[in-house]
Amino acid sequence: MSMTRDEALKIYETMVRIRTFDETAAALFEAGELPGFVHPYSGEEAIAAGVCSELTKDDCVCSTHRGHGHIIAKGADTKRMMAELFGKVSGYSGGKSGSMHIADFSLGIIGANGIVAADIVVANGVAFALQYQEKDAVCVAFFGDGASNRGPFHEGLNLAATWDLPTIFVCENNNFASTTARKTAMRIERIAERAAAYGMTGVTIDGNDPIAVKHAVRAARDRMKRGGGQTLIEAVTWRHHQHFVGDRHVYKNPEEQERWLSDEMDPIPRFERVLAARGLAGAADFADVKKRAEEELAAAVAFAKADAYPSAETLTDCVYREG
Ligand SMILES: Cc1ncc(C[n+]2csc(CCOP(=O)(O)OP(=O)(O)O)c2C)c(N)n1
C-alpha cells in the first residue's frame, strides 16, 4: 500500500499520542491521582490508528473499556479526556463517567462502553441509522477476543449480515480477557473463522502493523460497497500492561511478555523502522512527534488538575429526564 509522508506521519503521530496518553494515565493512577479505573491500550495502538486513518468525519466508532486509543484516533481532545479521568467538570461527561464512557457524537465517537461486547450491538444501531439516512458512512465496532465469546457478538454479526448493515467488526485479539487466556476460553485458533457462521468475510491480520490494519479496513469498506457484505477483522496484538492498572501480571508468561514488548514487536519502533526504510521519515521526525505528544499531555494534565469538580447541585443532571 502506497502512502505519502504526511499520511504515514499522521498514523505514527496518532500511535505516539495514544501511547503517551495511556502511559501518563497509568502513572497518574499508580500515584493515586486518578479515581475510577484505567485500562491501558499500550501495545495495541496500530489498530486504532490504522482503522481511523481510513475513516471520515461521518463514520462512527463504538468502543470498549479499553477505549482511549479509539477515541484519540477519531479526533477527541486529550484535555477533555484527561479532565474526565480526573472527574472534572470540563471532561467529556462533565466529570461523571470517567474513562469508560467517553463520547463525542460530533466526532462520530458514539462512546466507550464498560459492558463487554455491548458496543457491538450499539454499532449496529448506529449503522442502521447511517443506512436509513442513506449516508456513505460506516460504523466500526471495536472489541476484544473475550467479547467474541459473548452473546452480543453473535447476535450482532448475524443481524449486521442479515440486514446488510454498514458495520465493520474489529476484534482486538490481545490473547487475554482479564486474566483468562484466549486458548482456555475457545476451541478455535482464529476468531476470524466465526465470520463464516454469519455469512460474512473473516480476516486475521497483524494488529501491530498499522498498514496491514489500514489495508484491511479499506478492503472491508470496498467489499461492502460492491455488495460483498460485512467483514470481521481479527487484529492480533498484545497489551503491554495489566488488564487494568493495579491488577497483577501473574497470568502472563514472562518470556512471551518480554518478546511482545521488545523493539522487534512493539508497534511503535516497528513502524519507525518501516517509515525509515521507505524513506518517509527519520529519527528527527520521531523525536519531534514524541516531544509534541509529551507537551500535549503535560498541558492536558495541567488543564485537568486546574479544572473544577462538578458542583453538588448537578449531581442528578443527565441521569433522569422528565417529559
Ligand atoms: C458483560 C461483562 N462481563 C464481564 C465484565 C468484566 N470485564 C471487564 S473487561 C473484561 C475482559 C474483556 O476482555 P476482552 O473482550 O478480550 O477485551 P480486552 O480487555 O482484552 O481489551 C471483563 C471480563 C464486564 N465489564 N462486562
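So, here is what we can say about the structure in this document.

The rules behind each value
Within any chain, residue numbers begin from 1 and follow the written order of that chain's sequence. Confidence filtering applies because this is a predicted model: local features only for residues at pLDDT of at least 70, side-chain atom pairs given and counted only at 80 or more, and all residues used for totals across whole chains, interfaces and linings. Neither water nor hydrogens contribute to the side-chain values; these are computed over all heavy atoms in the structure. Only DSSP runs of H or I reaching four residues or more are called helices, and only runs of E reaching two or more are called strands; each is numbered from the N terminus. Note on contacts: a residue pair is in contact if any heavy atoms of the two residues lie within 4.5 Å. Residue burial is assigned from relative accessible area. The probe radius is 1.4 Å, only protein chains are included, and a residue is buried under 20% of its type maximum, exposed over 50%, and partly exposed in between. In this scheme Phe, Tyr and Trp rings, the latter by its six-membered ring, pair at centre separations within 6.5 Å, and the angle between planes marks the pair as stacked below 30 degrees, edge-to-face above 60, and tilted otherwise. Two limits define a charge over a ring: the Lys NZ or Arg CZ must be within 6 Å of the ring centre, and within 35 degrees of the ring normal. When we say a residue is near a molecule or strand, we mean one of its heavy atoms is within 4 Å of it. Two N or O atoms form a polar contact when they lie within 3.5 Å of each other; inside protein one atom must be a possible hydrogen donor and the other a possible acceptor, and for residues adjacent in sequence the pair counts only when both atoms belong to side chains. Here the term charged refers only to Asp, Glu, Lys and Arg, the term nonpolar to Ala, Val, Leu, Ile, Met, Phe, Trp, Tyr, Cys and Pro, and the term polar to all other amino acids, Gly among them.

Looking at the side chain of asparagine 175
Structurally, the position occupied by asparagine 175 is in the loop between β4 (167-173) and β5 (176-177). Once residues within four sequence positions are removed from consideration, asparagine 175 is found in contact with Asp145, Thr180, Ala181, Arg182, Val236, Thr237 and Trp238.

A closer look at the environment of alanine 298
Considering the arrangement of structural elements, one finds alanine 298 in helix α10 (residues 283-306). Given the relative accessible area of 47%, alanine 298 is considered partly exposed. Each C-alpha atom of the pair alanine 298 and phenylalanine 21 lies 9.6 Å from the other, and the pair is 277 residues apart in sequence.

Points about the packing of aromatic side chains
Summed over all chains, the structure comprises eight aromatic pairs. With centroids separated by 5.1 Å and ring planes inclined at 75°, the aromatic side chains of phenylalanine 37 and phenylalanine 244 adopt a geometry described as edge-to-face. Within this pair, whereas phenylalanine 37 is found in the loop between α1 (5-30) and α2 (45-52), its partner phenylalanine 244 is found in the loop between β8 (231-236) and α8 (254-261), the two being separated by 207 residues in sequence. Geometrically, the ring pair formed by phenylalanine 128 and tryptophan 163 is tilted, given 5.8 Å between the ring centres and 55° between the ring planes. Highlighted residues: phenylalanine 128 in helix α5 (residues 118-132) and tryptophan 163 in the loop between α6 (151-162) and β4, separated in sequence by 35 residues. Of the residues examined, phenylalanine 128 reaches a relative accessible area of 37% and is grouped as partly exposed. Grouped by ring-pair contacts, the aromatic residues Phe176, Trp238, Tyr251 and Trp260 constitute a single cluster. In this structure, arginine 80 packs its charged tip against the face of tyrosine 92, placed 4.1 Å from the ring centre. Directly above the ring of tyrosine 309 sits lysine 88, whose terminal nitrogen or CZ lies 4.8 Å from the centroid.

What to know about the site of the ligand
Taken together, 15 residues lie near the ligand, and His65, Arg66, Gly114, Gly146 and Phe176 sit nearest. Aspartate 145 places a main-chain nitrogen or oxygen 3.3 Å from an oxygen atom of the ligand. Between the ligand and the protein, one listed contact pairs an oxygen atom with a backbone N or O atom of glycine 146 at 2.8 Å. Counted by class, the shell around the ligand contains five nonpolar, seven polar and three charged residues.

Structural notes on unusual backbone geometry
Phi at glutamate 134 is positive, roughly 55°, even though this residue is not glycine. Along the polypeptide, glutamate 134 turns up in the loop between α5 and β3 (139-144). Residue classification places glutamate 134 among the exposed positions, given a relative accessible area of 73%. Within the chain, asparagine 175 stands out as a residue other than glycine whose phi angle is a positive 75°. Exposure remark for asparagine 175: the relative accessible area of 17% places this residue in the buried category.

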